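Chain by chain, the residues run as shown.
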Amino acid sequence: MTSPPYEIAYYHGVPGRGEHIRLILEEAGAPYNDLGALGWEKCGEYINAYLKGYGGNPPYFAMPMLKHGDLIINQTPNILLYLGSRLNLCGSAPDDLYRVNALALTALDGLSNEVHDCHHPIAIALYWEDQKEESMRRSKEWVKSRLPQHLDYWQRALKSASEGSHGPNPGPWLMGDTFTYADLCLDGTTFAFPKALAQAKESGKYKLLFQHYDAVKARPKIASYLASDKRQKYDWGVYRYYPENDVVAD
């Protein structure tokens, strides 16, 4: 029986948290429909219906959402877990699903949620301009203290994988020689804090991590997607760029 196409419910023009879902589907070569392509009005109609509860599914708090047949689910890591298990991107051993999920959760929390909070340190509902001073202070502290902790962790994780300490065999991915959806979750910070990431790269302390960035982008299907019109521009949403926040560690 042919599986129904996947459907991503996320607003048009906002890569945001929906981008991780697009990446896993592109990597797997799975057919999908992106409601954002319908434009704001039509896309909004579907999203509002799904958020209210549709077809026996519960109401959901926020996007992104994934529709697959009669099933509708939300929460980025939950969607990735669902897709990873169906698209052979969650490791090779039975328990790897949970290891990969832990890696993805760590990446999404530290490199997505924390970055977003730098832009909205007081309240999500307030514009950046309404909390600019606090945002700049938060960004400086994050780049100084939290970013090195995250980079150190991912460097250690990749070193462990390259030495065969975990995963089926040594390799360049987070699970050794087995590519998983967790490998698609490490990008995004480079857009919000390019100066800090350039400084980290120049330090030479995170070679495996930056090699990993480049290797993911060079995977044939990912490279094709990144070069296509389907790849939306990162200008607002979760990963925003404000020159005043683009700081480096002292």
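See the structure printed just above.
Counting restarts for each chain: residues are numbered from 1 in the order of the written sequence. Restriction of local features to residues with pLDDT of at least 70 applies here, the model being predicted, together with a cutoff of 80 or more for giving and counting side-chain atom pairs; totals for whole chains, interfaces and linings are based on all residues. Only hydrogens and water are set aside when side-chain values are computed; all heavy atoms of the structure are taken into account.

(A) Quick peek at the pairing of strand β4 (residues 71–74). Pairing of strand β3 (residues 65–68) with β4, which is carried by four bridges, proceeds in the antiparallel orientation. Looking across to β4, one finds that K67 is bridged to I72. In this description, strands pair whenever DSSP reports at least two bridges between them. A run of H or I in DSSP becomes a helix once it reaches four residues, and a run of E becomes a strand once it reaches two; helices and strands are each numbered from the N terminus.

(B) View of the packing of aromatic side chains. Any two rings among Phe, Tyr and Trp, with Trp reduced to its six-membered ring, count as a pair given centres within 6.5 Å; such a pair is stacked if its planes are under 30 degrees apart, edge-to-face if over 60, and tilted if neither. Applying the stated criterion across every chain yields a total of eight aromatic pairs. With a centroid separation of 4.1 Å and an interplanar angle of 5 degrees, the aromatic rings of W128 and Y242 are classed as stacked. Of the two residues, W128 sits in the loop between α4 (96–119) and α5 (132–162) while Y242 sits in the segment after α9 (220–226), which places them 114 residues apart along the sequence. The residues W128 and Y242 share a single accessibility class, namely buried. A 1.4 Å probe rolled over the protein chains alone gives each residue an accessible area, and that area as a share of the maximum for its type sets the label: buried under 20%, exposed over 50%, partly exposed in between.

(C) Region of the structure containing the state of the cysteines. The definition used for a disulfide is geometric: two cysteine sulfur atoms within 2.5 Å. Under the defined criterion, the tally for this structure stands at zero disulfides. The cysteine C185 is free of any disulfide, with C90 supplying the nearest cysteine sulfur at 13 Å.

(D) Representation of helix α7 (residues 194–203) in the model. Within α7 the residues assigned to the buried category are A196, L197 and A200. With its buried residues spanning 95 degrees around the axis, α7 presents them on a single face. Count one or two residues on from α7 and you reach G204, which has phi positive near 80 degrees. It is the directions from the helix axis to the C-beta atoms whose arc is reported.

(E) Expanded view of the pattern of salt bridges. Within this document, salt bridges are pairs made up of a side-chain nitrogen of Lys or Arg and a carboxyl oxygen of Asp or Glu, the two lying within 4 Å of each other. According to the stated counting rule, one finds 10 salt bridges in the structure shown. A salt bridge links K230 to E26; the nearest nitrogen and oxygen atoms lie 2.7 Å apart. One end of the pair, K230, is in the segment after α9; the other, E26, is in helix α1 (residues 18–28), with 204 residues separating them in the sequence. Residue K230 is classed as partly exposed on the basis of its relative accessible area of 47%. In this structure E26 comes out as buried when scored by relative accessible area, which is 11%. E114 is the partner of R146 in a salt bridge, and the nearest nitrogen-oxygen pair spans 2.6 Å. One end of the pair, R146, is in helix α5; the other, E114, is in helix α4, with 32 residues separating them in the sequence. Since its relative accessible area comes to 33%, R146 is described here as partly exposed. Because the salt bridges share partners, they merge into one network encompassing E19, R22, D34 and R231.

(F) How the structure looks around unusual backbone geometry. Following M63, the chain continues to P64 via a peptide bond in cis, the omega torsion being 0 degrees. Its identity as a non-glycine residue notwithstanding, Q75 has a phi of 75 degrees, on the positive side. Note on placement: Q75 falls in the loop between β4 and α3 (76–86). With a phi close to 60 degrees, N88 is a non-glycine residue in the positive phi region. Its place among the elements puts N88 in the loop between α3 and α4.

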